[in-house]
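Fold and geometry: a report
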Amino acid sequence: MPPKSKHAAGLGNALMNDRFKNHNSNMHKQSAGQITRKDQAGNNYITPAKKEAEWMKMRSVTEQGALDEFLSTAELAGTDFTAEKMNNVKIIHTDQKNPYLLSAAEERGVVKKQNSKRARLTVPRRPPWNASTTAQELDTRERESMLEWRRGLAELQEVDDLLLTPFERNLEVWRQLWRVIERSDLVVQIVDARNPLLFRSDDLERYVKEVDKKKRNLLLVNKADMMTLEQRQAWAEYFVQNGINFRFFSAELAKELNEAKGNAFDGLEDEAEESEEDTDSESADSEVEEELEAQGEKLAQETKKVDLQDEKDADEQWVDEEKVGAEAELDGVPLPVAEQTRILTTDDLEALFLKHSPAAPEGAEAAEAPRRKTSIGLVGYPNVGKSSTINALLGAKKVSVSATPGKTKHFQTIHLSDRVILCDCPGLVFPNFATTKAELVCNGVLPIDQLREYTGPAALVAQRIPQAFLEAIYGMKIQMRPIEEGGTGFPTGEEVLKAYARARGFSTQGLGQPDESRAARHILKDYVKGKLLFCHPPPQEPPIDAHHFNRDLYDAGHLPQKRRAQQAANAEAALTGSQDPSLMDDPDLVPLPAPQGAKGQRLDKQFFTPGQGAGTVVQPFHHKYTEHGKELSGRKLKVMTALEKDIDPAELRSSKKKHFKGNKRAAKKVRTVGDYD
C-alpha cells in the first residue's frame, strides 16, 4: 500500500472535527437556561439547558435515587457540580430478621419521633403574583419556592434522621394543584378507607384557607364498603374529636347501583317495546290506537308530575340540609351518629357539593351577571379512586381508570350538572412520614409492577392476614418452620410466597425453584385491590389491637363464591367419612396450631411405639452399660422401696450410726489361704 501522507485526514479525525465544530457553534447559540461554572484554574465550563418533550415534563416523579435527586436539586438552584467518588457500602444480613421491616418497639419509637416533627410537613406554596408579573418572573419565583421547600424536607431526612414517603418532586405536577385550589370553592381530599391518615395532608387544608378563607375542605373516605360498621364508628369518633369534616363514600358501590338502575331501565324499555309490537300485530283498529295514544299522554303527564315532585322534594331536602346539616357538617358541629357512619350515594354527594354554591349576586347584579357554577376540586394520592368517583357521579366512564398510580397527568374540568363543575387534579403523593417502604407498596402508593424488593411487603401481608384465611382464599397449604426449629408459629413472607408459587405452578427457569417474585406481584395486587382486607385502626392511647380490629373481615362470608362452595364440599365430605377431617379446610377459619417439626415427630415415634395398648420406650443397645441402665442398690434402693410402699424413708434408718472409725491396724489382717480360694 502507498505510504500515508502527513497532511491527509482520516475518517476518524474528520468525524471528530465535525463534531467539535458543530458543538462550538451550538454553544454560542444556547444562552437561555444554561449554567456557567468556573474552576480554580479560571477555566469556564458551560452546561446547556436540558431539552425535554412536553409529555416528559408532566411525568410524576415520586422516588429518586441519590444521584438523580442531587441533579434535580442542582437544576432548580441553577448551579453545577463536580463529581466526587465516595465509598458508601452497607452490608445487610437477612439471617435474623427482615432488614426492610421494623420491630414493634422500633416502630413505636419512630412514630413518637415523627409526631414531634409533623408540623414541618408542608406542601409547596405558590408565590404571590399579579397581572403585571411576567411568565419568566413567575417561573423563577416558583422554582425558588420549590427549592426552599425541598431543602426543608431534606433537613428532616438528614438532620433529624426521619424517613419520608416518596413525594412528588416535579414542579409541573404541583402547578396543577395550585391551579385547582385557586379555582375551586370546595377542595375534596379523597383518601383510602383502609388507612385514611396516610393519604391525608393536614397542611393542604391550611393552604386552602390561606388562598381564600371562604374556601372549604372535605375529607371523602372512599372505599368505605371495605370497612365494617364498627370500624366506621371508630374512625368517625376520631374525626369528630379532631375537628375533621368527613363523609364516607364508595365508588364501587355507586358503580354497581348505577349498573343496576341501567339494567332495570333497559328491562322496562324492552317490555314496553314488546307490548307495542303485540298491540300493533293484534289490533289495527283506530279506536285502539287512539286509546293507546291517550294512555301514553296520560303516562307522560304522570311521569312529568313525578319528576317535578322529585325535584321539589330534592330542593326541599337541600334547603333542610342547608338549614340543619350544612353548617353542622362543615363548621365543626358533629353530625348525628347514624349520619356519620352512613355511606353516601351519588345523589347525596352531589347534594353535598351544591351546599357550597357561591352566593348569588343581589340587586342589579343579579339580572346582569349569571350565577356561576360551583367548582369542586378533587385532590388525592394516586390510586385512591378519584377517577372512579367521577365516573360514579357521571354514571358513565368519562375518566380513564388504571390500577397503576399516576394515570391522570393534567387537571381536567368536567361538567357534572348545570350547577356543579368538577376539577380532577393529577394524583399527588404528598410528603408524609413513613416507617418502611413496604408500607407504601401495600397501600398502593408505589407501583407493584416496578417493584424490585418484594420480601418486605410480602412479610407485612403474612403478618396481617391470618394463615387460615390465606390458605382458604388461595386453596394452598403453607408449610411453616416448626417452633422447635426456630419458627414463631406464624407464617413468614417467604413461606407464603413459596406456597402460592407451588399452588399456581410458578417456578424459575433452570433450577425449577418456586418463583417468589412472580407470586409476590399477584398477592400484593390482591392486597391493594382489597381481596386481602386489612384496615388500620385510628391512633389512640392505649393503641387498638389491629388483629382484634379486623377480626370480622376473615370469616367465610369474605371468601369468593368458589372458595365457599369448596369449603362446604369439604365439610360435607368430612361428615360422611369420605375425607380425612384433619385435611378439611376449617369452615370458621380458626387459626391452626403450630406445626410439629421432623425432630419432634421422630421423638414421638420413638416414645409412643404401637404395642399392647400402651406405649413402650425404645432404648439403645448399650443402655445396660450406661448410668440409666444400672440397678439400684444400697441406700437408694431402700429409699425407692419406702416410697413405693408409702413409708417415710426416715423410719427405715437405724438409730445407731456406724461411722467405721476403728483402728486402722485392725483392718490389716492376715489372710488365710481360704481367703484366696
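Because the structure is predicted, anything quoted here is derived from the model rather than measured.

Further remarks concern the overall build of the chain. Helix and strand counts for the chain come out as 25 helices and 9 strands. Across the 677 residues that make up the chain, the buried fraction comes to 33%. Of the contacts made within the chain by residues no fewer than 6 positions apart, 69% connect residues no fewer than 24 positions apart.

Turning our attention to the sheet that holds strand E7 (residues 374-380). On the basis of which strands lie adjacent, the open sheet formed by 7 strands has the order E6-E5-E4-E3-E7-E9-E8 and mixed pairing. Since the sheet does not close on itself, it has two edges, and those belong to strand E6 (343-344) and strand E8 (412-415), each with one partner. Alignment of strand E5 (residues 246-249) against E6, held across 2 bridges, turns out to be parallel. Following the sheet pairing, Phe 248 is matched in E6 by Ile 343. Packing against the sheet, helix H15 (residues 386-394) makes contact with strand E3 (186-192), strand E4 (216-222), E5, E7, E8 and strand E9 (420-424), and its axis sits at approximately 160° to E9.

Looking at the secondary structure, you find Ala 556 in the loop between helix H21 (546-549) and helix H22 (561-576). Sequence separation between Ala 556 and Ala 472 is 84 residues; the distance between their C-alpha atoms is 8.8 Å.

Considering all chains together, one arrives at 13 aromatic pairs under this definition. Aromatic pair Phe 199 and Tyr 381: ring centres 5.1 Å apart, planes at 90°, arrangement edge-to-face. Pair noted here: Phe 199 is in helix H7 (residues 196-199) and Tyr 381 is in the loop between E7 and H15, with a separation of 182 residues, a long-range link. Considered together, Phe 199 and Tyr 381 belong to a single accessibility category, that of buried residues. Judged by centre distance (5.7 Å) and plane angle (75°), the rings of Phe 246 and Phe 248 are edge-to-face. One aromatic cluster in this structure is built from Trp 149, Phe 167, Trp 174, Phe 199, Tyr 381 and Phe 430. The positively charged end of Arg 169 is found above the aromatic ring belonging to Phe 167, 4.1 Å away from the centroid. Above the plane of the ring of Phe 506 lies Arg 518, whose end atom (NZ or CZ) is 3.9 Å from the centre.

Let's shift gears to the confidence of the model for the chain. Confidence in the prediction of the chain, expressed as mean pLDDT, is 75, and 63% of residues score 70 or more. Across residues 92-96, where pLDDT falls below 50, the model places 2 contacts with residues more than four positions away in sequence or in other chains. In the model, residues 402-408 has pLDDT below 50 throughout and makes 13 contacts with residues more than four positions away in sequence or in other chains.

What follows concerns the side chain of Arg 126. Looking at the element boundaries, Arg 126 is found in the loop between helix H4 (104-116) and helix H5 (135-158). Owing to a relative accessible area of 16%, Arg 126 belongs among the buried residues under this scheme. With sequence-adjacent residues up to four places away left out, Arg 126 is seen in contact with Leu 138, Glu 142, Trp 178, Arg 179, Glu 182 and Tyr 207.

Note that side chains of opposite charge can pair when their charged atoms are close. Taken as a whole and judged by the stated rule, the model has 23 salt bridges. The partner of Lys 223 in a salt bridge is Asp 192, and the shortest N-O contact between them spans 3.4 Å. On the criterion of sequence distance, the pair formed by Lys 223 in the loop between E4 and helix H9 (229-241) and Asp 192 in strand E3 is long-range, its members being 31 residues apart. By relative accessible area, Lys 223 is classed as buried at 17%. Between Arg 342 and Asp 348 there is a salt bridge whose closest N-O contact spans 2.7 Å. Shared partners join several salt bridges into a network, and the residues in it are Arg 126, Asp 139, Glu 142, Arg 143, Glu 172, Arg 175 and Glu 182.

Once that is clear, we can look at helix H18 (residues 467-474). Burial runs high along H18: 8 of the 8 residues are buried. What H18 keeps buried is the set Gln 467, Ala 468, Phe 469, Leu 470, Glu 471, Ala 472, Ile 473 and Tyr 474. Where H18 ends, the next residue or the one after it, Gly 475, has phi of about 65°, a positive value.

Taken together, the side chains of Asp 225, Glu 252, Glu 256 and Glu 259 define an acidic patch exposed on the protein surface. Relative to the helices and strands, Glu 252 is located in helix H10 (residues 251-282). Residue Glu 252 is classed as partly exposed on the basis of its relative accessible area of 45%.

Turning to the state of the cysteines, a few remarks are in order. Disulfide: a covalent bond formed between the sulfur atoms of two cysteine residues. The tally for this structure, following the rule as stated, stands at 0 disulfides. Counting only cysteine sulfurs, Cys 423 is the nearest neighbor of Cys 425, a cysteine outside any disulfide, at a range of 9.5 Å. Using a relative accessible area of 0% as the deciding quantity, one classes Cys 425 as buried.

What follows is about the nonpolar core. The biggest cluster of nonpolar side chains holds 113 residues, and the ones touching the most others in it are Trp 174, Leu 177, Val 188, Phe 353, Phe 430, Ile 465 and Leu 532. It is helix H6 (residues 171-183) that contributes the most residues to this core, 7 residues altogether. Here this core spans two domains, and each of domain 1 (115-252 + 335-355 + 370-422) and domain 2 (435-563) adds at least three residues to it. If we skip the residues at most four places from it in the chain, Val 188 touches Leu 218, Leu 220, Phe 353, Ile 376, Gly 377, Leu 378 and Val 379.

Here we take up unusual backbone geometry. A cis amide bond, omega -10°, links Glu 541 with the succeeding residue Pro 542. Here Asp 161, not a glycine, exhibits a phi torsion of approximately 55°, which is positive. Classification of Asp 161 by relative accessible area gives exposed; the value is 60%. At Lys 223, a residue that is not glycine, the phi angle is positive and equals roughly 60°.

The rules behind the values
- Along every chain, residues carry numbers that run from 1 in the direction the sequence is written.
- The model is predicted, so local features are restricted to residues of pLDDT at least 70 and side-chain atom pairs to those at 80 or more, both for listing and for counting; the totals for chains, interfaces and linings are taken over all residues.
- Think of the side-chain values as coming from all heavy atoms in the structure, minus any hydrogens and water.
- Helix numbers and strand numbers start at the N terminus; a helix is a DSSP run of H or I with at least 4 residues, a strand a run of E with at least 2.
- Only protein chains enter the accessibility calculation, which uses a 1.4 Å probe; a residue is then buried when its area is under 20% of its type maximum, exposed when over 50%, and partly exposed in between.
- By definition in these notes, contact holds between two residues if any of their heavy atoms fall within 4.5 Å.
- Only when DSSP finds a minimum of two bridges between them are two strands counted as paired.
- Every axis corresponds to a line fitted to the C-alpha atoms, with the helix fit spanning only the stretch in contact, and the corresponding angles, defined between N-to-C directions, vary from 0 to 180 degrees.
- Between rings of Phe, Tyr and Trp, where Trp is taken as its six-membered ring, a pair exists when centres lie within 6.5 Å; planes separated by under 30 degrees are stacked, by over 60 edge-to-face, and by other angles tilted.
- Note on geometry: a ring has a charge over it if NZ (lysine) or CZ (arginine) is within 6 Å of the ring centre and within 35 degrees of the ring normal.
- pLDDT expresses, on a scale from 0 to 100, how confident the predictor is about each individual residue.
- In the sections that follow, a salt bridge refers to a side-chain nitrogen of Lys or Arg positioned within 4 Å of a carboxyl oxygen of Asp or Glu.
- In this analysis, a patch consists of residues with relative accessible area above 30% that form no salt bridge, clustered at 9 Å for like charges and at 5 Å for the nonpolar side chains Val, Leu, Ile, Met, Phe, Trp and Tyr.
- The method behind every accessible area is Shrake-Rupley, applied with a 1.4 Å probe, and residues are considered shielded solely by the protein chains displayed.
- Lys and Arg are tallied as positive, Asp and Glu as negative. Neither His nor the chain termini are counted.
- To locate a charge, take NZ of a lysine, CZ of an arginine, CG of an aspartate or CD of a glutamate.
- Whenever a pair of cysteine sulfur atoms sits within 2.5 Å, that pair is classed as a disulfide.
- For this analysis, a nonpolar core means a set of buried residues of the types Ala, Val, Leu, Ile, Met, Phe, Trp, Tyr and Cys, connected via side-chain atoms within 4.5 Å.
- Residue ranges assigned to each domain were obtained from an automatic or database domain assignment.

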